[in-house]
Amino acid sequence: MYVILLGAPGAGKGTQAVTVAKALGLAHVSSGDLFREAQAKGAELGLLAKSYMEKGQLVPDEVTVKMVLERLGAADCAKGAILDGFPRTLDQAKALDVALAARGQRIDKVAYIKVSTDELLSRLGGRWICRNCQAPYHVKNLPPKVAGKCDTCGGELYQRADDSMETAKKRLDVYFAQTAPLIDYYKKAGNLVELDGEGEIDSVGRALVEALQTGVRS
Ligand code: AMP
């Protein structure tokens, strides 16, 4: 089962992807995390991605598609995966369709998590991430039990450089220009489900798991 979580930066894709991956027993593949891991290792891919990420721009399709397809070829993705942050352009979506078709697979569902622009900006401004396990927190909506420490692994929390207000606005502009057209692309493909992403984190998660469990094409 291959599922795409679609939505703007700050819509809750990362948080919900963790819940859904656990509930459905699927791998969680986050393109942003893959770029951040490559950066942490000092790999060439990380250095290349950094210059785009810092400006709130998209990393070129060629590089991104290659990285994600390689990740999808790993053993833990054999039964499927939750794709978080990928695809972000029509060319990425088309390349993914072609690559999955070549493996006799396809995208089963695309969950579009809808959140208003005002709410997105407020969320991105208050976001903190665990440096160790990437779990996301929010000063207001999802504070950690102990300030500055991850509830799950005790790792140090930090604010991503690209979550500054200026870069957050740029990332939203990029989203509306380049990623939002994917909503129509998957609507036409007939596998899009829309969810209100402004409710409580747990209730959005439950609605999401339910939507993915029902009516998945076999
Ligand atoms: P995210 O963690 O998904 O918000 O991604 C952080 C940043 O990584 C984005 O702002 C982009 O610079 C880059 N990135 C992540 N996923 C993609 C993608 N599918 N295509 C291009 N750039 C991406």
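Refer to the structure above for everything that follows.
On a predicted model such as this, the values are computed, not experimentally measured, just so you know.

Topic: the nonpolar core
Then, in step 1: Residues L72 and L83 are the most contacted members of the largest nonpolar core, which totals 51 residues.
Then, in step 2: Of all the elements, strand β1 (residues 2-6) adds the most residues to this core, at five residues.
Then, in step 3: The residues contacting L72, other than those within four sequence positions of it, are Y2, V29, C77, A81, L83, L96 and R103.
Then, in step 4: A135, Y137, C150 and L157 belong to the second-largest nonpolar core, a separate cluster that totals five residues.

Focus on the packing of aromatic side chains
Then, in step 1: Under the counting rule described, the total for this entry stands at two aromatic pairs.
Then, in step 2: Relative to F176, the ring of Y175 lies with its centre 5.1 Å away and its plane at 70°, an arrangement referred to as edge-to-face.
Then, in step 3: Between the aromatic rings of Y185 and Y186, the centroid separation amounts to 5.0 Å while the plane-to-plane angle is 85°, which identifies the pairing as edge-to-face.
Then, in step 4: With a relative accessible area of 1%, Y186 lands in the buried category.
Then, in step 5: Taking NZ or CZ as reference, R131 lies 4.4 Å from the ring centre of Y158, over its face.

Some thoughts on the sheet that holds strand β7 (residues 157-158)
Then, in step 1: An order of β6-β5-β7 is seen for the three strands of this open sheet, with the pairing classed as antiparallel. Two strands in the sheet have a free side with no partner beyond their single neighbour: β6 (136-138) and β7.
Then, in step 2: With three bridges connecting them, strand β5 (residues 127-130) and β6 associate as antiparallel partners. What sits directly across from R127, in β6, is H138.

Things to note about the sheet that holds strand β4 (residues 109-114)
Remark on secondary structure: sheet strands pair via backbone hydrogen bonds, oriented parallel or antiparallel.
Then, in step 1: As summarised here, the arrangement of the five strands in space is β2-β3-β1-β4-β8, forming an open sheet in which the pairing is parallel. A single partner strand is all that each edge strand has here, and the edge strands are β2 (27-30) and β8 (192-196). Neighbour to neighbour, the strand axes of the sheet diverge by 20° on average, direction disregarded.
Then, in step 2: Note: β2 against strand β3 (residues 81-84), four bridges, orientation parallel. From the neighbouring strand, S30 faces β3, where its bridge partner is D84.
Then, in step 3: Of the strands in this sheet, β2 and β3 touch helix α2 (residues 31-40), which is tilted by about 70° from β2.

Definitions and cut-offs
- Residues numbered from 1 in each chain as written.
- Predicted model: local features only at pLDDT ≥ 70, side-chain atom pairs only at ≥ 80, totals over all residues.
- Heavy atoms only, no water.
- Core = buried A, V, L, I, M, F, W, Y, C linked by side-chain atoms within 4.5 Å.
- Buried < 20%, exposed > 50% of the residue type's maximum accessible area, 1.4 Å probe, protein only.
- Helix = DSSP H or I, 4+ residues; strand = E, 2+ residues; numbered from the N terminus.
- Contact = heavy atoms within 4.5 Å.
- Phe/Tyr/Trp six-rings, centres within 6.5 Å; stacked < 30°, edge-to-face > 60°.
- Lys NZ or Arg CZ within 6 Å of the ring centre and 35° of its normal.
- Pairing = 2+ DSSP bridges.
- Axes fitted to C-alpha atoms, helices over the stretch in contact; angles between N-to-C directions.

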